[in-house]
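Below, each chain spelled out in residue letters.
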Amino acid sequence: LHRVDRRQRQMCIRDRLLEGEVKCSKALAQILLAGVPASQVTMSSDGHASLPHFDSNGMLAGLNVGKLSSLLNELRDAVFEEGVDFSVALKTVTNTPSNILKLFNKGELVIGRDADILVFDPNELKLEKVVAMGKVMLDNGTLKVKGTFE
């Protein structure tokens, strides 16, 4: 597995942004600062989705694949680079999307709902453990359950 440090990742992201576009983490900080309630803000990704790549003439040159890590990276950047409170940033990828999508068993820990839990290293926000519907999917950073795309 090839690891890219934060500085290299930022350079790659900046290379892909078009003029006038803003990184998700930066946009989150800006709209919260502008007074938009966090309960009306979501961040999501199409990890593993196809991303069209166009040449300088606007013609389709090929397809790239979205990275599963993109949302987690933006969550980290929102906290570490943009100064967004972790609990606020986390709700934009958990509670708020589940409410908007009417996934009433998701998004927060409540008795009787799915037991979906994320455990982060508090210093780097590295994902340490994932529990989905009560089943450990990732433990100590090691994938325990594989699906179609892993």
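Parameters at a glance
Residues numbered from 1 in each chain as written. Predicted model: local features only at pLDDT ≥ 70, side-chain atom pairs only at ≥ 80, totals over all residues. Heavy atoms only, no water. Helix = DSSP H or I, 4+ residues; strand = E, 2+ residues; numbered from the N terminus. Buried < 20%, exposed > 50% of the residue type's maximum accessible area, 1.4 Å probe, protein only. Contact = heavy atoms within 4.5 Å. Areas by Shrake-Rupley, 256 points an atom, 1.4 Å probe, with all protein chains shown as cover. Core = buried A, V, L, I, M, F, W, Y, C linked by side-chain atoms within 4.5 Å. Salt bridge = Lys/Arg side-chain N within 4 Å of Asp/Glu carboxyl O. Lys, Arg positive; Asp, Glu negative; His and termini not counted. Polar contact = N/O pair within 3.5 Å; in protein donor to acceptor, adjacent residues only side chain to side chain. Axes fitted to C-alpha atoms, helices over the stretch in contact; angles between N-to-C directions. Parallel < 35°, antiparallel > 145°, perpendicular 65-115°, else oblique. Left-handed = near helix turned anticlockwise from the far one by under 90°. Nonpolar A, V, L, I, M, F, W, Y, C, P; charged D, E, K, R; others polar. pLDDT = per-residue confidence, 0-100. Pairing = 2+ DSSP bridges.

A few words on the overall build of the protein. What the protein contains, in helices and strands, is five helices and six strands. If you list the helices and strands of the protein from N to C, you get α-α-β-β-α-α-α-β-β-β-β. Residues classed as buried in the protein amount to 20% of the 150 residues present. Considering only residue pairs separated by 6 or more positions, the protein has 38% of its internal contacts joining residues 24 or more positions apart. Looking at the protein as shown, the accessible area adds up to about 10600 Å², and 56% of this sits on carbon and sulfur atoms.

Turning our attention to unusual backbone geometry. At M133, a residue that is not glycine, the phi angle is positive and equals roughly 50 degrees. When you line up the elements, M133 lands in the loop between strand 4 (127-132) and strand 5 (135-139). Although it is not a glycine, N140 adopts a positive phi angle of roughly 50 degrees. In this fold, N140 is placed in the loop between strand 5 and strand 6 (142-143).

Before going further, it helps to examine the nonpolar core. In terms of nonpolar packing, the biggest core is built from twelve residues, these being L28, A29, V41, M43, L72, L75, A78, V79, V84, A89, F120 and L125. When residues of this core are traced back to their parent elements, those giving at least two are helix 2 (24-33) and helix 3 (70-80). Tallying contributions element by element places helix 3 first for this core, with four residues. Setting aside chain neighbours within four positions, we find V79 in contact with V84, F86, A89 and L125.

Tallied over the entire structure, the rule returns six salt bridges. The partner of K106 in a salt bridge is D114, with the nearest N and O atoms 2.9 Å apart. Each of K23, E74 and D77 takes part in a single network of salt bridges with overlapping partners.

With that settled, consider the side chain of R76. Looking at the element boundaries, R76 is found in helix 3. Within the buried core, R76 has no salt-bridge partner, and the shortest N-O distance to an opposite charge, that of E124, equals 6.8 Å. A polar side-chain atom of R76 sits 3.1 Å from the main-chain carbonyl oxygen of L125.

This paragraph deals with the packing of helix 2 against helix 3. In contact at an axis separation of 8 Å, helix 2 and helix 3 are set at 45 degrees when each is read in the N-to-C sense. In terms of orientation, helix 2 and helix 3 fall into the oblique class. For helix 2 against helix 3, the interelement crossing comes out right-handed. Counting all contacts with helix 2, which are made through C24, S25 and L28, the residues of helix 3 involved are E74, D77 and A78. For the contact of helix 2 with helix 3, the class distribution of residues is three nonpolar, one polar and two charged.

A low pLDDT score tells you not to read the predicted coordinates there in detail. Considering every residue of the protein, the mean pLDDT works out to 83; 85% of them sit at 70 or more. Segment residues 1-14 is flagged for pLDDT under 50; beyond a separation of four residues in sequence, or across chains, it makes twelve contacts in the model.

As a further point, take the pairing of strand 1 (residues 50-54). Two elements, strand 1 and strand 2 (residues 60-65), share five bridges in a ladder whose sense is antiparallel. Across the sheet, L51 pairs through a bridge with N64, a residue of strand 2. Connecting strand 1 to the next strand, strand 2, in antiparallel fashion are five residues, including G58 with a positive phi near 80 degrees.

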